[in-house]
Amino acid sequence: MNFIDEAYLEIKAGDGGSGASSFRREKYIPFGGPDGGDGGKGGDIYFKVNTNSNTLIDFQNKKIFNAKNGERGAGKNKFGAAGEDLIIEVPLGTVIYDNNTQEELIDCTDKIGIYLIAKGGDGGLGNAKFKSSTNQAPRKFTPGFEGEARSIRLELKSLADVGLVGFPNAGKSTFLNKVSSAKPKIGNYPFTTLRPHLGTIKGNESSYVIADIPGLIEGASDGAGLGIKFLKHISRTGLLLIFADLFSFENINPIKQVQLLKNELDSFKDDLTQKISWIVCNKIDLLSDEDISQIRKDLEKELKVTHDEVFFISAATGEGTSELLKRLETELLKDKQK
Ligand SMILES: Nc1nc2c(ncn2[C@@H]2O[C@H](COP(=O)(O)OP(=O)(O)OP(=O)(O)O)[C@@H](O)[C@H]2O)c(=O)[nH]1
Ligand SMILES: [Mg+2]
C-alpha cells in the first residue's frame, strides 16, 4: 500500500562557515593588515507544498535531511559562499510537529505555501572585522554558528469539506464514484477501501471536496478492523455523512449502526462529534417504499434527529443523491459565509 500518512524526520540546517584569519601579503607591503573574510551562512530548510502528492511515502526510506554548510572565508577579504537551502516537498494538508515538544509548527494548508523550519547558522567573522585602533593585526576570527537541528513529525490530514463514515460495505465508495470523478475501488466485501480518497463535487455555485475513508466497525477505537487512524482525514471537514447500510450483511439495523459509529467517533482525539452530521441510509433500491418510511420514522424517533438530517439514497442508482448534494452545497456555503 502506497499510502503513508505519518513520517519522522531528522533535519539539520547548514552550519555557518568559519571566518578566516589572514594578512595581506603583497610585494613592497611588508606588514599588510588583516584581510580574512567572513564565513558564508549555512543553508536554511524549508517545507513546500506539492499539490500533486498525497502521501508521505517518500519519507519512508529517506529520513535525514541536511542543508549545505556555508563555506569558510578566505584571505583578500573573500567571503565564504552561503550554503544552498534545502526545500522538502510535502502534500497539501501536512501538519509539521516538533517531535521533541509535540508543538505544532506549521499546518500546510496553503497550496502555494513555503515554510521556513530550520535556519542555517550565520557565518563566522574573519579577522579583518577585529581590527581596531589598539589592535592593528588581530589574528582572531570566529567559527560559524551551527545550523538549527530538529526532530520532526509529519502528519497528513487531508483537506476535505465533507467526510464519509460508515461500516464496511455501506456503499461509501460507490457514492463517491457516483457523484464525483474520484474512482475509489468498490467491492462486495468489507474493507475494500484501504486509504482515503478525495473527490471534488462541482455544485451550482461552488465546488467542494468529499473524503471517503476505510470503513469503521465496532471496537475500531481499540484497533478492530483498520482502527480509527484514518479519522484524521476527516477531522478538518465541516460536515460528516454517517452512512447506514439498509441491507447490512451482518443484519445490524441502521439505528444500531449509527449508534455504534457515533461511539467510535466519540473516542477519537479530535472532537468529531461536534461536527454537523447527517445520516445517509443507503441501498434504498433493495427495499420497498413502506419499509423505507417505517425505517425513517423509527430512526428519527430513536436517534432524536429531525427529518432534514436524514437522507435515503441509492448510491448504486443515484436516486436521492442530487437532493443530498444540493443540501450539502447550501450547508457548506452557509458555513463559509459565517
Ligand atoms: N444494491 C445496492 N448495492 C450497493 C449500493 N451501494 C453500494 N452497493 C454495493 O455494496 C458493496 C459495497 O460497496 P462499497 O462502495 O465498496 O462500500 P464501502 O462503504 O466503500 O466499503 P469499505 O470500503 O469496505 O468501507 C458493493 O458490492 C456495492 O456494489 C446501493 O445503493 N445499492
Ligand atoms: Mg470503500
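Residues numbered from 1 in each chain as written. Chains lettered and ligands numbered in written order. Predicted model: local features only at pLDDT ≥ 70, side-chain atom pairs only at ≥ 80, totals over all residues. Heavy atoms only, no water.

**Q** I'd love a proper account of the coordination of the magnesium ion (ligand 2), names of residues and values included.
**A** Those donors, Ser173 (OG) and Thr193 (OG1), are the protein atoms that reach the magnesium ion (ligand 2), and they lie 1.9 to 2.1 Å from it. Of this pair, Ser173 sits in helix H1 (residues 172-179) while Thr193 sits in the loop between H1 and strand S10 (197-202), placing them 20 residues apart in sequence. Each member of the pair, Ser173 as well as Thr193, is classed as buried. (Donors = N, O, S within 2.8 Å, 3.2 Å for Na, K, Ca; no water. Helix = DSSP H or I, 4+ residues; strand = E, 2+ residues; numbered from the N terminus. Buried < 20%, exposed > 50% of the residue type's maximum accessible area, 1.4 Å probe, protein only.)

**Q** Provide a residue-level description of the sheet that holds strand S6 (residues 104-107), including the pertinent values.
**A** Backbone hydrogen bonds hold the strands of a sheet together, and the pairing may be parallel or antiparallel. Read across the open sheet, the five strands follow the order S3-S1-S8-S5-S6; overall the sheet is mixed. Since the sheet does not close on itself, it has two edges, and those belong to strand S3 (64-66) and S6, each with one partner. Across the sheet, the mean angle from the axis of one strand to that of its neighbour is 25°, orientation sign disregarded. Of the strand pairs in this sheet, strand S1 (residues 6-12) and S3 are connected by three bridges, and their pairing is parallel. Within the sheet, the bridge partner assigned to Ile11 lies in S3 and is Phe65. (Pairing = 2+ DSSP bridges. Axes fitted to C-alpha atoms, helices over the stretch in contact; angles between N-to-C directions.)

**Q** Hey, could you go over the site of ligand 1 for me, with residue numbers and the actual values?
**A** Neighbouring ligand 1 are 24 residues, the closest being Lys172, Thr174, Phe191, Thr193 and Asp285. Here an oxygen atom of ligand 1 and a side-chain polar atom of Lys172 are 2.7 Å apart. Asn282 is positioned such that a nitrogen or oxygen atom in its side chain is 3.2 Å from an oxygen atom of ligand 1. About the coverage of ligand 1: the protein hides 87% of its 650 Å² of free accessible area. Top contributing element to the shell around ligand 1 by residue count: H1, with three residues. Class assignment for the residues of the shell around ligand 1 results in 10 nonpolar, 11 polar and three charged. (Near = heavy atom within 4 Å. Polar contact = N/O pair within 3.5 Å; in protein donor to acceptor, adjacent residues only side chain to side chain. Areas by Shrake-Rupley, 256 points an atom, 1.4 Å probe, with all protein chains shown as cover. Nonpolar A, V, L, I, M, F, W, Y, C, P; charged D, E, K, R; others polar.)

**Q** Account for the environment of Gly121, with residues named and values stated.
**A** Turning to its location among the elements, Gly121 is positioned in the loop between strand S7 (114-118) and strand S8 (149-156). Overall, the relative accessible area of 3% leaves Gly121 in the buried class. A C-alpha to C-alpha distance of 11 Å links Gly121 and Lys68, two positions 53 residues apart in sequence. Setting aside residues up to four positions removed in sequence, Gly121 forms contacts with Gly14, Asp15, Gly16, Lys41, Gly42, Phe145, Glu146 and Gly147. (Contact = heavy atoms within 4.5 Å.)

**Q** Now, about the environment of Phe145: what can you tell me, with residues and values included?
**A** Mapped onto the elements, Phe145 comes out in the loop between S7 and S8. Owing to a relative accessible area of 54%, Phe145 belongs among the exposed residues under this scheme. Along the primary structure Phe145 and Gly39 are separated by 106 residues, whereas in three dimensions their C-alpha atoms are 9.7 Å apart. When residues no more than four places from it in sequence are discounted, the contact partners of Phe145 are Asp15, Gly16, Gly121, Asp122 and Gly123.

**Q** Break down the nonpolar core for me, with residues and values.
**A** Counting residues in each nonpolar core, the largest one holds 58 residues, and the members touching the most others are Ile11, Phe47, Phe59, Leu154, Leu231 and Leu299. With five residues, the top contributor of residues to this core is helix H2 (residues 254-266). Formed jointly, this core draws a minimum of three residues from each of two domains, domain 1 (1-156) and domain 2 (162-337). Leaving out residues up to four positions away in the same chain, Phe47 has contacts with Leu9, Ile11, Ile88, Val90, Ile96, Gly113, Ile114, Tyr115, Ile117, Ile152 and Leu154. Among the nonpolar cores identified, the runner-up in size contains 22 residues, and Ile201, Val280, Ala315 and Leu324 belong to it. (Core = buried A, V, L, I, M, F, W, Y, C linked by side-chain atoms within 4.5 Å. Domains from an automatic or database assignment.)

**Q** Quick one: what's the story with a negative patch on the surface, residue by residue and with numbers?
**A** A contiguous patch of negative charge, built from Asp285, Asp289, Glu290, Asp291 and Glu319, is present on the exposed surface. Its relative accessible area of 40% is what places Asp291 among the partly exposed residues. (Patch = residues over 30% accessible without salt bridge, like charges linked within 9 Å, V, L, I, M, F, W, Y side chains within 5 Å. Salt bridge = Lys/Arg side-chain N within 4 Å of Asp/Glu carboxyl O. Lys, Arg positive; Asp, Glu negative; His and termini not counted. Charge placed at Lys NZ, Arg CZ, Asp CG, Glu CD.)

**Q** How would you sum up the domain arrangement of the chain? Please name residues and give values.
**A** According to the domain assignment, the chain contains domain 1 (1-156) and domain 2 (162-337). For domain 1 and domain 2, the distance between their C-alpha centroids amounts to 47 Å. With 10 residues of domain 1 at the contact, the number on the domain 2 side is eight residues. For the pair domain 1 and domain 2, the summed buried surface comes to about 730 Å²; carbon and sulfur atoms form 51% of the total. Applying the counting rule to domain 1 against domain 2 returns two salt bridges. For Lys232, the salt bridge identified is with Asp5, shortest N-O distance 3.5 Å. Our count for the contact surface shared by domain 1 and domain 2 stands at four residue pairs in polar contact (both at pLDDT 80 or more). A breakdown of the residues in the side of domain 1 that touches domain 2 according to their chemical character gives four nonpolar, three polar and three charged. (Buried area = accessible area lost by both parts, 1.4 Å probe.)

**Q** Break down the packing of aromatic side chains for me, citing the residues and quoting the values.
**A** Tallied over the entire structure, the rule returns three aromatic pairs. Measuring from centroid to centroid gives 5.9 Å for Phe59 and Phe65, while their planes differ by 65°, and the two rings are edge-to-face. Of the residues examined, Phe59 reaches a relative accessible area of 5% and is grouped as buried. Its guanidinium or amino end placed over the ring of Phe65, Lys62 lies 4.5 Å from that ring's centre, counting from NZ or CZ. Lying across the ring of Tyr97, Arg153 places its NZ or CZ 4.2 Å from the centre. (Phe/Tyr/Trp six-rings, centres within 6.5 Å; stacked < 30°, edge-to-face > 60°. Lys NZ or Arg CZ within 6 Å of the ring centre and 35° of its normal.)

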